[in-house]
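Listed below are the residues making up each chain.
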Amino acid sequence: MRIAGIDCGLNITGYGIIESDDWDMNLVEAGVIRTRVNQPLEKRVMIIHDELESVLDEFKPDIMIVEDLYSHYAHPKTAIIMGHARGAIFLSAAHCEIPVVSYSATHIKKSLTGNGRAPKDQVNMMVKDILNVKGEIKPSDVSDALACAITHARMHAEEGLGI
C-alpha cells in the first residue's frame, strides 16, 4: 500500500510518501510545499493545491493521512488559517480520487513513541529509525507528515493481524 502523509500548514506543508507491506515500510518521497507570507491568501492556497496535486499525480498513493485539527487554539484565527490549507489539501486528494483519513496528534505521537505528548525531536528520531533514514529529516514538517503515514501503516498492519 502506498500512503501519503501530510502535515498541513499555510506557510509550509510537509508531505511524505511511504510504501508499506504490513510492518515493512520504505520511504518513497518526501518534501515541503512553501508559500510566502507576502502572497495573497488565494495565491497561497492555490500553490498548496497545485503542488500537492502534482505530487499525488506522480506518486499515486492509495490513501492520504492528515492530522486532525486541534480545536482549542488560543487564537481562533490560527484555526481558520489552518482550515484554508486543509481545504486545498483535501481538494487535491478529491481531484486525485484519494481517500483521506485523519488521526489526532496525540494518537500519531503515541503510535510512534509510546507517548502522546512526545516532542518533535523524538518523533523525528522514530521516523528515521522506522524508515531506516541515515541523514537528517528536515524540516520537522516532513517528519510529521511521515509520522502520519507510518501511523496509518501500523494501524493497517494491526488490523490484518486482528489486533
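Bear in mind the structure is a predicted one, so any value in this text is a computation, not a measurement. (Residues numbered from 1 in each chain as written. Predicted model: local features only at pLDDT ≥ 70, side-chain atom pairs only at ≥ 80, totals over all residues. Heavy atoms only, no water.)

Moving on to the sheet that holds strand 1 (residues 2-7). Reading across the sheet, the 5 strands line up as 3-2-1-4-5 and stay open at both edges, with mixed pairing between neighbours. Single-partner strands in this sheet number two, and they are strand 3 (24-34) and strand 5 (100-103). In this sheet, adjacent strand axes meet at a mean angle of 25 degrees when their direction is disregarded. Bridge count for strand 1 against strand 4 (residues 63-67) is 4 bridges, and the pairing is parallel. (Pairing = 2+ DSSP bridges. Helix = DSSP H or I, 4+ residues; strand = E, 2+ residues; numbered from the N terminus. Axes fitted to C-alpha atoms, helices over the stretch in contact; angles between N-to-C directions.)

Residue position: serine 92 is located in helix 2 (residues 76-95). For serine 92, a relative accessible area of 0% gives the class buried. (Buried < 20%, exposed > 50% of the residue type's maximum accessible area, 1.4 Å probe, protein only.)

Packing of helix 3 (residues 105-113) against helix 5 (residues 140-160) leaves a shortest axis separation of 9 Å and a crossing angle of 70 degrees. One way to sum up the angle between helix 3 and helix 5 is to call them roughly perpendicular. Residues His107, Ile108, Ser111 and Leu112 of helix 3 form the contact with helix 5, whose own contacting residues are Ala147, Cys148, Ile150, Thr151, Arg154 and Met155. Partitioned by chemical class, the residues of the contact of helix 3 with helix 5 number 6 nonpolar, 3 polar and 1 charged. (Parallel < 35°, antiparallel > 145°, perpendicular 65-115°, else oblique. Contact = heavy atoms within 4.5 Å. Nonpolar A, V, L, I, M, F, W, Y, C, P; charged D, E, K, R; others polar.)

So, on to the pairing of strand 3. As paired strands, strand 2 (residues 12-21) and strand 3 are joined by 10 bridges and run antiparallel to one another. For aspartate 21, the partnering residue across the bridge sits in strand 3 and is aspartate 24. The antiparallel hairpin formed by strand 2 and strand 3 contains 2 residues in its connecting segment, where aspartate 22 sits at a positive phi of about 60 degrees.

Turning our attention to the side chain of arginine 154. Position of arginine 154 among the secondary structure elements: in helix 5. Buried within the structure, arginine 154 lacks any salt-bridge partner; its nearest side chain of opposite charge belongs to glutamate 158, at an N-O separation of 6.7 Å. Those residues within four positions of arginine 154 in sequence are excluded, and the remaining contacts are Trp23, Met25, Ser111, Leu112 and Ile130. (Lys, Arg positive; Asp, Glu negative; His and termini not counted. Salt bridge = Lys/Arg side-chain N within 4 Å of Asp/Glu carboxyl O.)

The next thing to look at is the pattern of salt bridges. Under the counting rule described, the total for this entry stands at 3 salt bridges. Ionic pairing is found between lysine 120 and aspartate 144, a salt bridge with its closest N-O pair at 2.4 Å. Note that lysine 120 is positioned in helix 4 (residues 120-131) and aspartate 144 in helix 5, a separation of 24 residues in sequence. The partner of lysine 138 in a salt bridge is glutamate 136, with the nearest N and O atoms 3.2 Å apart. The burial state of lysine 138 is the same as that of glutamate 136; both residues are exposed.

Further remarks concern helix 1 (residues 41-59). A rise of 1.5 Å per residue sets the reference length of helix 1, with its 19 residues, at 27 Å; its end C-alpha atoms lie 27 Å apart and thus fit the reference within 8%. Of all the residues in helix 1, the buried ones are Arg44, Ile47, Ile48, His49, Leu52, Glu53, Val55, Leu56 and Phe59. Close packing links the buried residues of helix 1 with strand 1, strand 2, strand 3, strand 4 and helix 2. Just past helix 1, the residue lysine 60 takes up positive phi, approximately 45 degrees. (Expected span 1.5 Å × (residues − 1).)

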